[in-house]
Amino acid sequence: MRIAVVTVGDELLAGDTTNTNAAWLGRQLTERGVDVERVTVVPDRVADIARVVNEYHAEYDAVVVTGGLGPTHDDLTMDAVAAAFGRDVAPSEAVVERLVEEGGYARADLVDGTADVPVGARPLHNEVGVAPGCVIGSVYVLPGVPAEMKAMFASVADEFGGDVVHVEVVEAAEPESALLDRVRRVREEFDVTVGSYPGETVRLKVQHLDPETAERAADWLRERVEQP
């Protein structure tokens, strides 16, 4: 399953807000065996959001969009996703009923746009906040507030899945460039994928569908690198 993640917000592009949602979603999806192949940040602009969603919907098995939901002037994601599918937006009666019955809101107090989703979309209830998400086609639209996004993702997490990749991490107290030969050899001998991430030490991330193969490859590396 190949996935693209789209995060929406001028504040992300300006650096005013750290894009923790993209990192969290990447980990969650990868742990479910999903290949996250794109993470894109777009501004609060209908044309830009719609263009990227339309492009990724055609290319990937699913698209996860987060941010820009609600009734305020810069919450444009629902309109943009609707435009990508050639739909209008309209209040979801299911969302309104839930906000009234479970959220304690009066219908008259709900601001215009609060319960809007693209026509024909499946609404996703917001267990932590107010603004709903939705699923339309293979596009999943989630809030940008991290607590709300995580709770809503949990309600659809089982819809994402694939072959679970097993991971072993080996730390090496050597320069990354000095490890090239051993990384090449372990990849050839065990047919594993190896990621190399330098920092105070070099983290070698060994991955394979078979847990025993991943473990044997990691042990092979541990015997041949300088340990921290």
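Procedures and definitions
- Residues numbered from 1 in each chain as written.
- Predicted model: local features only at pLDDT ≥ 70, side-chain atom pairs only at ≥ 80, totals over all residues.
- Heavy atoms only, no water.
- Helix = DSSP H or I, 4+ residues; strand = E, 2+ residues; numbered from the N terminus.
- Buried < 20%, exposed > 50% of the residue type's maximum accessible area, 1.4 Å probe, protein only.
- Polar contact = N/O pair within 3.5 Å; in protein donor to acceptor, adjacent residues only side chain to side chain.
- Contact = heavy atoms within 4.5 Å.
- Phe/Tyr/Trp six-rings, centres within 6.5 Å; stacked < 30°, edge-to-face > 60°.

A.B. asks: When you look at the side chain of Asn-126 in this model, what are you seeing that I'm missing?
C.D. replies: Tracing the backbone through its elements, the reader meets Asn-126 in the loop between β6 (122-124) and β7 (133-136). You can call Asn-126 buried: its relative accessible area is 4%. Looking at Asn-126, its side chain comes within polar contact range of the main-chain nitrogen of Val-128, at 3.1 Å. In this structure the side chain of Asn-126 is engaged in a polar contact, spanning 2.8 Å, whose partner is the backbone oxygen of Ala-131. The residues touching Asn-126, leaving out its near neighbours within four places in the chain, are Arg-98, Ala-131, Pro-143, Glu-148 and Met-152.

A.B. asks: I tried to follow the packing of aromatic side chains on my own but got confused; where do I start?
C.D. replies: Aromatic ring pairs: the centre-centre distance and the angle between the two ring planes describe each pair. On inspection of all chains with the given rule, the structure shows 5 aromatic pairs. On the basis of an interplanar angle of 85 degrees and a centroid distance of 5.6 Å, the ring pair of Trp-24 and Phe-153 is categorised as edge-to-face. Linking Trp-24 in helix α2 (residues 20-31) with Phe-153 in helix α6 (residues 146-156), this pair joins segments that are 129 residues apart in sequence. There is no split in this pair, since Trp-24 and Phe-153 are both buried. Ring centres 5.6 Å apart and planes at 85 degrees place the aromatic pair Tyr-56 and Tyr-60 in the edge-to-face group. A relative accessible area of 8% means that Tyr-56 is categorised as buried. The class for Tyr-60 is buried, based on a relative accessible area of 5%. Taken together, Trp-24, Tyr-140, Phe-153 and Phe-160 form an aromatic cluster joined through their ring pairs.

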